[in-house]
Amino acid sequence: MDKYAIEMLGITKTFPGVVANDNVTLSVRENEVLALLGENGAGKSTLMSILFGSYDPDSGVIKIRGQEVRIKDPNAATALGIGMVHQHFKLVHNYTVAENIVLGIEPTKHRMLDLAAAEERVRELSEKYGLMVNPKDMIEDITVGMQQRVEILKTLYRNADIIIFDEPTAVLTPQEIDELMEIIRRLKAEGKTIILITHKLKEIKAVAERCTVLRRGRLVGTVTVADVSEQQLAEMMVGRAVKFEIDKAPCQPGETILSIKNISVKNSRGQLAVRDLSLEVRAGEIVGIAGVDGNGQSELIFAITGMSPLEQGQVFLRDRDISSLSIRQRIESGIGHIPEDRRKHGLVSEFTVAENIALKTYYKPPFTKHGCLLDSPQMSSAAASLIQDYDIRAGEGPATRAGSMSGGNQQKVIIAREIELSPELLVVAQPTRGLDVGAIEYIRQRIVAERDKGRAILLISFELDEIMNLCDRIATISKGTIVGVFDAGAVTEREIGVMMAGSKGGKEETV
């Protein structure tokens, strides 16, 4: 007879306008990795937030190791040995690693914070689980991947033996993803029980023993991962067959729309992040930027869209020098921007969907009347149309607060807004980050459709398969410089990887 660490029986949870969980039952065995799979807005995070005490269920029963419990808040979850690594990290950036880990349960000596003891315990845990985190580092000085390891250490420091990972790879590089998969294996080997919320089917196949699938808040079923294919998992998730590769006709490039000439750009710390970079994007083509995170991609995007000044060089849209134009002037000149950080640069979380859709055009008809008053009915009408066209799951329709939606549906709001601007140039960064396979298929098709309308598209992605699948030309970037530009069919994924490491021409350098 199976021994369950977790049993969630008949869980129902509703929010205004939406049933997030509809009589869902989930069982997790002791010392297994269970994947929780579902579309954006399927109710996965809500279900796990109930388990972690962030929400109360409307109905249903929770059992931990066979005992019925009521988890009224995260402290109660912690006392039961449950930890959660959230998709959006809950860290204080000007605190050290150790200070963040012990926050709320600080060790004391003579009624004073015993930081040395905290650092020693963090160091021991880091070494035991192969996390390789320095307890003295400041959070603001370490990578996103390292910040995630700090979140894992927070759960381990609190003696969690059940750990929930909520979309843990959404902001990681491919190398960091591989390292996280190894960490999960190590946690399982140490006797931990893991629930992995993810959209990425390869990750499920890599580490999970069973997979529970939700669709629109309801349980579809639980399967043994070894017995099903990625295609079968995808069909369970979205309810239809999904294409992993996008069919597209050869591009028909026209005149040059974006011309970047010898630009250099500093990062937020005043260091040169883009160095003497030149690149062109033509109408009717998708040019992809392939590179390891932190090699100047963000600064390049900021320079094109007006979010950062140039140190040298020029940016042209057609024949117009836009280097000194404001962000609004660049938008009005014909630049659309899907940013890599949707919460920081794409949306106002406290605004409604309707307000976010109108964010770049609120001062123009039809969203204003008499030159100064917002026309709320027009904003709502436009948003309602896009909600339907882009399959945005918004429980209260245009009045839904953007911050209350799943990450994938937030992304769809941004993509809908930017595409509807009909820009000549569309700068797209990490467009499918955090999306399920059905949404990924849809968004990629929309990007190709914009190309086929004659738009010039610059795509920045850390997903090599996305670059290879979507792009007509591929430029590799390393240390802020373009290393090579190739037609998509003329270069292999391995050659791109070598160039991303800084070797010109795609050939491995010999010493």
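Below or above, wherever it landed, is the structure these notes cover. (Residues numbered from 1 in each chain as written. Predicted model: local features only at pLDDT ≥ 70, side-chain atom pairs only at ≥ 80, totals over all residues. Heavy atoms only, no water.)

### What about the overall build of the protein?
To keep it simple, the criterion reads: By the criteria applied, helices consist of DSSP H or I runs no shorter than four residues and strands consist of E runs no shorter than two, each listed in order from the N terminus. Radius of gyration means the value over C-alpha atoms here, while the globule rule gives 2.2 Å times the residue count to the 0.38 power. With a 1.4 Å probe rolled over the protein chains alone, any residue whose accessible area is under 20% of its type maximum counts as buried; one over 50% counts as exposed, and the rest are partly exposed. The contact definition used throughout considers only heavy atoms, calling two residues in contact when any of these lie within 4.5 Å. To measure how exposed things are, a 1.4 Å probe is used in the Shrake-Rupley method; for residues, cover is taken only from the protein chains shown.
The secondary structure content of the protein amounts to 17 helices and 24 strands. Relative to the compact-globule value of 24 Å for 511 residues, the protein shows a C-alpha radius of gyration of 24 Å, a close match. Principal axes of the C-alpha set define a box for the protein whose edges measure 70 × 60 × 50 Å. Residues counted as buried form 53% of the 511 residues belonging to the protein. The contacts in the protein between residues at least 6 apart in sequence include a share of 66% that link residues at least 24 apart. About 22500 Å² of surface is accessible on the protein, with carbon and sulfur atoms providing 48% of the total.

### Topic: the packing of helix 4 (residues 115-128) against helix 5 (residues 144-157)
For any two helices packed against each other, one specifies the crossing angle of their axes together with the interaxial distance. This is how it is decided: Lines fitted to C-alpha atoms define the axes, with helix axes restricted to the stretch in contact, and inter-axis angles between N-to-C directions lie between 0 and 180 degrees. If an angle is under 35 degrees, it is roughly parallel; if it is over 145, roughly antiparallel; if it lies from 65 to 115, roughly perpendicular; otherwise it is oblique. Three classes are used, and their members are as follows: Ala, Val, Leu, Ile, Met, Phe, Trp, Tyr, Cys and Pro are nonpolar, Asp, Glu, Lys and Arg are charged, and the others, Gly among them, are polar.
Two elements in contact, helix 4 and helix 5, have axes whose closest approach is 10 Å; the angle formed by their N-to-C orientations is 105°. By the angle between their axes, helix 4 is roughly perpendicular relative to helix 5. From helix 4, Ala118, Arg121, Val122, Leu125 and Ser126 reach across to helix 5, where they touch Leu153, Leu156 and Tyr157. For the contact of helix 4 with helix 5, a count of residues per class yields 6 nonpolar, 1 polar and 1 charged.

### Remarks on the packing of helix 5 against helix 6 (residues 174-189)
Rules: Crossing handedness follows the turn of the near helix against the far one: under a right angle anticlockwise gives a left-handed crossing, and clockwise gives a right-handed one.
At a closest axis distance of 11 Å, the pairing of helix 5 and helix 6 adopts a crossing angle of 15°. With respect to helix 6, the axis of helix 5 lies roughly parallel. Relative to helix 6, the crossing made by helix 5 is right-handed. Where helix 5 abuts helix 6, its residues Gly145, Gln148, Arg149, Ile152 and Leu156 lie against Glu176, Glu179, Leu180, Ile183 and Leu187. The class makeup of the residues in the contact of helix 5 with helix 6 is 5 nonpolar, 2 polar and 3 charged.

### Brief notes about the side chain of Ser49
Along the chain, Ser49 turns up in helix 1 (residues 44-51). With a relative accessible area of 13%, Ser49 lands in the buried category. When residues no more than four places from it in sequence are discounted, the contact partners of Ser49 are Ser54, Tyr55 and Met84.

### Describing the side chain of Thr368
The residue Thr368 is located in strand 19 (residues 368-369) in this model. Its relative accessible area of 15% is what places Thr368 among the buried residues. Apart from residues lying up to four places away in sequence, Thr368 is in contact with Tyr362, Tyr363, Leu373, Leu374 and Asp375.

### Description of the pattern of salt bridges
Oppositely charged side chains may form a pair once their charged atoms are brought near each other. For the record, the criterion: One side-chain nitrogen of Lys or Arg within 4 Å of one carboxyl oxygen of Asp or Glu is enough to make a salt bridge.
In total, this model carries 32 salt bridges according to the counting rule given. For Arg185, the salt bridge is made with Glu182, and the minimal N-O distance between the two is 3.3 Å. A residue pair is termed a helical-turn pair when its members lie 3 or 4 positions apart in one helix, as Arg185 and Glu182 do in helix 6 at 3 residues. The exposure class assigned to Arg185 is partly exposed, which follows from its relative accessible area of 37%. Residue classification places Glu182 among the partly exposed positions, given a relative accessible area of 36%. In this structure, Glu463 engages Lys200 in a salt bridge whose closest nitrogen and oxygen atoms are separated by 3.2 Å. Of this pair, Glu463 sits in the loop between strand 22 (456-460) and helix 16 (464-470) while Lys200 sits in the loop between strand 10 (193-197) and helix 7 (201-207); the two residues are 263 residues apart in sequence, bridging distant segments of the chain. Classification of Glu463 by relative accessible area gives partly exposed; the value is 29%.

### So, the environment of His110
Within the element layout of this structure, His110 appears in the loop between strand 7 (108-109) and strand 8 (112-113). By relative accessible area, His110 is classed as exposed at 73%. Taking the C-alpha atoms as reference points, His110 and Thr212, separated by 102 residues in sequence, lie 49 Å from one another.

### Describing the sheet that holds strand 4 (residues 59-64)
Pairing between the strands of a sheet comes from backbone hydrogen bonds, and it takes one of two forms, parallel or antiparallel. The following threshold applies: Pairing between two strands is assigned when DSSP locates at least 2 bridges connecting them.
With antiparallel pairing, the 4 strands of this open sheet are ordered in space as 2-1-4-5. With one partner strand each, in any of the chains shown, strand 2 (18-29) and strand 5 (67-69) form the two edges of the open sheet. Ignoring which end each strand starts from, the neighbouring axes of this sheet average 25° apart. Across 5 bridges, strand 1 (residues 4-15) lies against strand 4 in antiparallel orientation. Note that in strand 4 the partner of Met8 across the bridge is Ile62.

### Quick word on the packing of aromatic side chains
To keep it simple, the criterion reads: Two rings from Phe, Tyr or Trp (for Trp, the six-membered ring) form a pair when their centres are within 6.5 Å of each other. A pair whose planes differ by under 30 degrees is stacked, one over 60 is edge-to-face, and the rest are tilted.
The tally for this structure, following the rule as stated, stands at 3 aromatic pairs. Measuring from ring centre to ring centre gives 5.4 Å for Tyr362 and Tyr363, while their planes differ by 85°; the resulting arrangement is edge-to-face. Measuring from centroid to centroid gives 6.2 Å for Tyr390 and Tyr442, while their planes differ by 90°, and the two rings are edge-to-face. Taken together, the positions of Tyr390 in the loop between helix 13 (376-389) and helix 14 (407-420) and Tyr442 in helix 15 (residues 437-452) put the pair 52 residues apart, joining distant regions of the chain. When its relative accessible area of 1% is taken as the criterion, Tyr390 is described as buried. By relative accessible area, Tyr442 is classed as partly exposed at 22%.

### Considering the pairing of strand 1
Here strand 1 runs beside strand 2; their pairing, made up of 8 bridges, is antiparallel. Paired with Lys13 across the bridge in strand 2 is Asn21. The antiparallel hairpin formed by strand 1 and strand 2 contains 2 residues in its connecting segment, where Gly17 sits at a positive phi of about 85°.

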